[in-house]
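Secondary and tertiary structure notes
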Amino acid sequence: MAPTVILLPLLTFIAVLVGGVSTSPSLKKSPTAASYTLNHTQASPATGSGRARIKQRTTSTYGNISPTKVSRFSKSVKASEATSRAPKPTVAGAKPTPAPGAPRRATGKPFESTKGATKTVKPTVKRTEVSTKGSKPTTVKPTLPATKTTTAPVRFNTEDLNESIDKNVERRVWSTKESGEPPVFECPPLGLESLKVKDSQIQASSYKRMGLGPHRGRLNIQSGVEDGDIYDGAWCARYKDQNQWLQIDAKKLTRFTAVILQGRSSIWSLDYVETFKVQVSNDTIKWKPCMNGTEETVFEGNKDSETPVLAILPKPAVAQYIRINPQTWFKNGTICLRAEIMGCELPDPNNIYPWQAEEGTKDKLDFRHHNYKEMRKLMKSVNEMCPDITRIYSIGKSYMGLKLYVMEISDNPGKHELGEPEFRYVAGMHGNEVLGRELLLNLMEYICQEYKRGNQRIVQLVKETRIHLLPSMNPDGYEMAYKKGSELAGWALGRYSYEGIDMNHNFADLNTVMWDAIELETDKSKLINHYFPIPEYYTSEDAMVASETRAVISWMQNIPFVLSANLHGGELVVTYPFDMTKDWAPKEHTPTPDESFFRWLATVYASTNHVMSNPDRRPCHNEDFLRYNNIINGANWHTVPGSMNDFSYLHTNCFEVTVELSCDKFPHADELPIEWENNKESLLVYMEQVHRGIKGVVKDKDTETGIADAIIKVDDIDHHIRSAFDGDFWRLLNPGDYDVTVTAEGYFPATRSCRVEYEHYPTICDFHLTKTPKQRLREILAKGGKIPKDLQLRLRQLRIRKLRASTKLINQRRASQQRRARGALN
């Protein structure tokens, strides 16, 4: 009868636990219903903060960080399923009038889950049992788990590029009314925009001030926010007469064929040249005008300050110097212009080495601009050349229906291998910043070629890393810019998506959610520091979210990326998070908890880039990044709410920086070999940084199975990461000694010390976690099994401990009441 006596109270205790189990959040339950509205307004003096406030519509019992309707972008939404409205582009020509056959937005609910997608659990406060030594469990501060993966990630299917492009997409993107090919020039640009032409080669008849000197007369050069500084947006003559000129010294005899003109870049002034003449000379003393028959040619200039205008010389002129001589200008403005000269350098008869190769590269790659069709062909050829290590897949479609192709490079393509980190490069977020696109296409060619040659550096990289290359995130915008060509696309055409959305500001603003929660939450134990859920406002039907952005978010959520870089153009600098300022200041240094490692990542790329590391280079536009060693905190340059870098850091495990690759957003094809050589080493060495820090697998001590969503915490760094679906994890860290704690729901935590060395390989830090008795009981009851004797004994001990604690508390209360009663009688 003794066992019966023991089991009667035990069964009562189990019934209580079972009741607790039955009320725990189910995977099928909907998320919490708390929601917030972001009001980006200036705060009153009473609040003392200029940052956006969060207005709580429904109070959550789980703290102010709780989102509403936590969303997982488990599958990319088709172009026809887009539901967000687009803002009007601020730059003329950035958004074309939609074609008659352009896809319309549907009215369906955005971000709706589909079959096979990952599910979400209701965010609840869980009291994690933690032991600093891995023995006796004690309760610690509760945390809010974010979206939890319950199944293996969605697999992105391999694309067959032998299939033809959909006819409806072809009609929409490449209308028969206009040519899809850019204009072909007889000669390349001299290099005013790309800075190949030095400041000393540009002179002028006069100029207003230093900031409007001849060195500022470069195509697409951008001014600062304020007029009057040393970085203004054009060359502007001091006098308003027809004797003013801008002169360029080509240094060698050149066959000049065309001039491209632009007005002044300024948000305060409107200045441009309406008509002009061109003269050439070999000695700057005797000038020969460009003639059209018997008359001097007067070329048509600009009608606005931003659109480039091409003027083709009636007859090519051979000379060393060329002058642009304005004749008329905007009546309410002054003589201001930015220019590029098209010309072919002629062989020098005095050069004893006439066939000496110019600066370039020895790599045999396809150096030209690739539109969507040509990009498909190149990716297909690489895949056919290296089928064992490459795979092409699509993560979704653009608004116009163009697929977002990714080249995967791995020794086992199509599969996540345990312990192998995932790396990604993303290019073409702004469609007119094309250098990143071409560099990634060249990179996939180069890796394939060098792998086949047996280059040990490349072989090791491929075998130890799963690489994903997305060359064009905004293919719609690229096609718009491509049709105009490298010199005539201007500064903004193609930057935005077809709907007019700037994807650099289009990701969910999790920074504001985090900072406002920190400010408003009185119980700091309810705050989280990673895997922030996507707020409800971002998932609403009125949210301005591009289909391309949705596709990339789904991609991020389904592949456990560790490291990434976002390739842009128009400057020479590497920026790192945070990209958004905390108090909505125009710019302010806003570091992450991983500031030191982000600075290392940025320095790795910048210091190995041939142009960035050149101490004698001149600034591109209006910022001198040399004084920052060519790296800068993104928010300290200019605030960018909703950036991909910040979203990646706060919503996933992935660290990401932005690389501004060149002063020229759309360099001429002749400059691509040099740009590849400038960036090749940087691209490779940055990928290798994915192997810094620690890595390991979190396993169940009894079953040896991997534990998904285990939280990896590094002491003194207030940013955690989580294990992938099979239990492996990677934590990027600088060299040093770290105490690492791993916690998982239903397990006792474990802590160990991990040392990160200076070598280019990670430190292995595996963890084996032991289930708590309560978790073991849940699993046994779920399977309908019998409770083993050791667990019965453990549960009995817990019951006795609980009874003793409650009895002690009752006795303390009684004693306190008796003392108060005696005090009242006295």
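Keep in mind that this is a model prediction, so the values were computed, not measured. (Residues numbered from 1 in each chain as written. Predicted model: local features only at pLDDT ≥ 70, side-chain atom pairs only at ≥ 80, totals over all residues. Heavy atoms only, no water.)

Another point: the side chain of N325. Inspection of the secondary structure assignment puts N325 in strand β13 (residues 309-329). Engagement of the side chain of N325 in a polar contact is seen with the backbone oxygen of Q242, the distance being 2.9 Å. Within the structure, the side chain of N325 is placed 2.8 Å from the side chain of Q327, a separation counted as a polar contact. Residues contacting N325, with those up to four places away along its chain left out, are Q242, N243, Q244, F276, K277 and Q279. (Helix = DSSP H or I, 4+ residues; strand = E, 2+ residues; numbered from the N terminus. Polar contact = N/O pair within 3.5 Å; in protein donor to acceptor, adjacent residues only side chain to side chain. Contact = heavy atoms within 4.5 Å.)

Attention now goes to the side chain of N609. Structurally, N609 can be placed in the loop between α10 (595-608) and β21 (631-633). Given a relative accessible area of 1%, N609 falls into the buried group. Ignoring any residue separated from it by four or fewer positions in sequence, one finds N609 in contact with N678, N679 and S682. (Buried < 20%, exposed > 50% of the residue type's maximum accessible area, 1.4 Å probe, protein only.)

A separate point is the environment of L212. Mapped onto the fold, L212 is located in the loop between β5 (202-204) and β6 (235-236). Residue L212 is classed as buried on the basis of its relative accessible area of 0%. Separated by 18 residues in the primary sequence, L212 and I230 have C-alpha atoms spaced 7.5 Å apart. Those residues in contact with L212, other than ones at most four positions away along the chain, are Y207, D232, G233, A234, W235, C236 and R264.

With eight of eight residues buried, helix α12 (residues 644-651) is to be regarded as a mostly interior element. Every buried residue belonging to α12 is among M644, N645, D646, F647, S648, Y649, L650 and H651, and all of these are buried.

So, about the packing of helix α14 (residues 773-783) against helix α15 (residues 789-825). Contact geometry for α14 and α15: axes closest at 10 Å, N-to-C directions at 130 degrees. Judged by the inter-axis angle, α14 sits oblique to α15. Crossing of α14 over α15 shows left-handed handedness. The segment α14 lies against α15, with P773, R776, L777 and I780 engaging D790, L791, R794, L795 and L798. Among the residues making up the contact of α14 with α15, the classes are represented as six nonpolar, no polar and three charged. (Axes fitted to C-alpha atoms, helices over the stretch in contact; angles between N-to-C directions. Parallel < 35°, antiparallel > 145°, perpendicular 65-115°, else oblique. Left-handed = near helix turned anticlockwise from the far one by under 90°. Nonpolar A, V, L, I, M, F, W, Y, C, P; charged D, E, K, R; others polar.)

Under the defined criterion, the tally for this structure stands at five disulfides. Paired by a disulfide, C187 and C344 hold their sulfur atoms 1.7 Å apart. Taking the torsion about the S-S bond as the criterion, the C187 to C344 disulfide, at about -110 degrees, is left-handed. Of this pair, C187 sits in the loop between α2 (167-173) and β5 while C344 sits in strand β14 (residues 336-345), and the two are 157 residues apart along the sequence. Note on cysteine connectivity: C386 is disulfide-linked to C448, with sulfurs 1.9 Å apart. Negative torsions about the S-S bond denote left-handed disulfides, and the value of about 90 degrees found for C386 with C448 makes this one right-handed. (Disulfide = S-S within 2.5 Å.)

With that out of the way, let us pick up the confidence of the model for the chain. Of all residues in the chain, 79% have pLDDT values of 70 or greater, and the mean over the chain is 82. Here residues 1-101 is modelled with pLDDT under 50, and outside its nearest four sequence neighbours on either side it reaches 234 contacts, counting other chains as well. Scored below 50 in pLDDT, residues 106-151 shows 124 contacts in the model against residues more than four places distant or in partner chains. (pLDDT = per-residue confidence, 0-100.)

Take the pairing of strand β26 (residues 728-731) next. By the alternation rule, side chains of β26 split into D728 and W730 and F729 and R731, which are all buried. Relative to β26, strand β23 (residues 694-700) is paired through four bridges, and the arrangement is antiparallel. Its bridge partner being in β26, G696 is matched across the sheet by F729. (Pairing = 2+ DSSP bridges.)

A few words now on unusual backbone geometry. Cis peptide bonds are those with omega within 30 degrees of zero, and the linkage from P577 to F578 qualifies with 0 degrees. Relative to the elements of secondary structure, F578 occurs in the loop between β20 (573-576) and α10. At W584, a residue that is not glycine, the phi angle is positive and equals roughly 60 degrees. Judged by relative accessible area, W584 falls into the partly exposed class, the value being 28%.

With antiparallel pairing, the four strands of this open sheet are ordered in space as β25-β24-β27-β28. In this open sheet, the two edge strands, each paired with only one partner strand, are β25 (721-722) and β28 (750-756).

Next up on the list: the sheet that holds strand β19 (residues 561-568). Taken in spatial order, the eight strands make up an open sheet running β15-β16-β18-β17-β19-β22-β20-β21, and their pairing is mixed. Two strands close off the open sheet at either side, each with one partner strand: β15 (390-397) and β21. On average, adjacent strands in this sheet sit at an angle of 20 degrees to one another, irrespective of strand direction. Sheet topology note: the β20/β21 ladder contains three bridges and is parallel. Within the sheet, the bridge partner assigned to Y576 lies in β21 and is N633. Packing of helix α3 (residues 372-385) onto the sheet brings it into contact with β15 and β16 (403-409), and relative to β16 it is tilted by some 20 degrees. Along the sheet, helix α9 (residues 547-558) makes contact with β15, β16, β17 (422-427), β18 (466-470) and β19, crossing β15 at roughly 130 degrees.

All right, on to the pairing of β14 then. β14 sits mainly inside the fold: eight of its 10 residues count as buried. Pairing of β6 with β14 involves two bridges; the strand directions are antiparallel. Paired with W235 across the bridge in β14 is L337. Where strand β7 (residues 246-262) lies against β14, eight bridges are found, and the strand directions are antiparallel. Bridge assignment links T254 to a residue of β14, and that residue is E345.

The full count for this structure, using the stated rule, is 23 aromatic pairs. Here F598 and Y649 contribute two aromatic rings whose centre-to-centre distance is 5.5 Å and whose plane-to-plane angle is 65 degrees, an arrangement assigned as edge-to-face. Note that F598 is positioned in helix α10 and Y649 in helix α12, a separation of 51 residues in sequence. We note that F598, like Y649, is buried. Look at F598 and F655: their rings are 5.0 Å apart centre to centre, the planes differ by 20 degrees, and that puts the pair in the stacked class. (Phe/Tyr/Trp six-rings, centres within 6.5 Å; stacked < 30°, edge-to-face > 60°.)

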